[in-house]
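Architecture at a glance
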Amino acid sequence: SDCRIVMPALPRGKDSRKDASIATVKLIENTQLFTWMVKDFFWLVLVPYISIPAGLAAMWLQIVMIRRDQANPSRILNYVGLFLWIAGNFIWMIAETLYDRSDADINMAGTPILKQDSNLYSRLTSTTGIIFLISMLVLFLDICLTSFKLYGKSNIIVSERFLSTLWVAKDICWLHSQPTGAVTIGTIALAIGLYCIGVAIAVGDIRGVFLACGTEIWLLAMFIWMCGEFYTNDSIRWLSAVVFTFGFVVLIANLLGLNCEKVPRRPPTRLPRDKFTTSPRLDRNRVAVQGTQSERKTLLSE
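Residues numbered from 1 in each chain as written. Predicted model: local features only at pLDDT ≥ 70, side-chain atom pairs only at ≥ 80, totals over all residues. Heavy atoms only, no water.

1. Remarks on the packing of aromatic side chains
The final tally for this structure, using the stated rule, is 13 aromatic pairs. Look at F34 and F248: their rings are 5.8 Å apart centre to centre, the planes differ by 70°, and that puts the pair in the edge-to-face class. Highlighted residues: F34 in helix α1 (residues 12-44) and F248 in helix α8 (residues 237-256), separated in sequence by 214 residues. Overall, F248 belongs to the buried group, its relative accessible area being 12%. Between F41 and F248, the ring centres sit 5.4 Å apart and the planes meet at 80°, which makes this aromatic pair edge-to-face. One end of the pair, F41, is in helix α1; the other, F248, is in helix α8, and 207 residues separate them in sequence. Judged by relative accessible area, F41 falls into the buried class, the value being 16%. Grouped by ring-pair contacts, the aromatic residues F34, F41, F42, F244 and F248 constitute a single cluster. (Phe/Tyr/Trp six-rings, centres within 6.5 Å; stacked < 30°, edge-to-face > 60°. Helix = DSSP H or I, 4+ residues; strand = E, 2+ residues; numbered from the N terminus. Buried < 20%, exposed > 50% of the residue type's maximum accessible area, 1.4 Å probe, protein only.)

Okay, here's the thing in structure tokens:
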């Protein structure tokens, strides 16, 4: 009888390290997105005791991603732009929850926490506007430098980067009380989010579908919150909170891996018969270096 050896296409150690690295990056990105959403939710219901720590965690995780990919020019600009966006949001949240009086239908912590100070609130929101503008310019530069390379290869990445840039522009209009611009840009951004969901479904990326759906629900909740401030005297935050809840469910499912992502693998490569001995007795040198666990047990038992 002969012994036909089937070996993997790539060294298993290298594959394991690569898979572990990808899994770590996905975990950091999903956790950062979740903490950012927690920050926005508790800002919505005006509970700074939770929104402030969540915002700090989101900024810290964004710094971690910047440090991990600092040598990757195709991602570093995007990460820096997103960090500036988060930082601007954080300062805006501090101004609103600590120093501004709210007439919202939900005010669980009774803000302002410290005292009402119109001058300090104005300075903080002006700083936010400057940071938002820098963030939008960095994200736009990232689109100009990377979208031409990625277009046609990874349209969902290009779409997500357009989405981020538009959402910062929407926040600038919201900050400066420009309802027409904010609603128009926000509507376009939501449409791009739906396109991202469609692309993820088309390519069969189940994890991407969960992530895109969670993000879209989150953006919809923020859009409702914004429209409520512009058109209903801030009286529909409760509806935004309900939408947020659905987004949490989807993002938690994605974070815990309940979508059962399947990673495609290459079929094993069958080596030529004359590469190793065809004797029933296994070649000792080959087994010692490249053998499977069962082959090594057989070798040890001889």
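2. What to know about the environment of Q32
Tracing the backbone through its elements, the reader meets Q32 in helix α1. Separated by 32 residues in sequence, Q32 and V64 have C-alpha atoms that sit 9.8 Å apart.

3. Notes on α8
Here α8 contains 20 residues, and its C-alpha end-to-end distance of 28 Å stays within 8% of the 28 Å for a straight helix at 1.5 Å per residue. If you check which residues of α8 are buried, you get R237, S240, A241, V243, F244, G247, F248, V250, L251, A253 and N254. Just downstream of α8 lies G257, where phi reads positive at about 75°. (Expected span 1.5 Å × (residues − 1).)

Take it as geometry only, folks, not as evidence of what the structure does.
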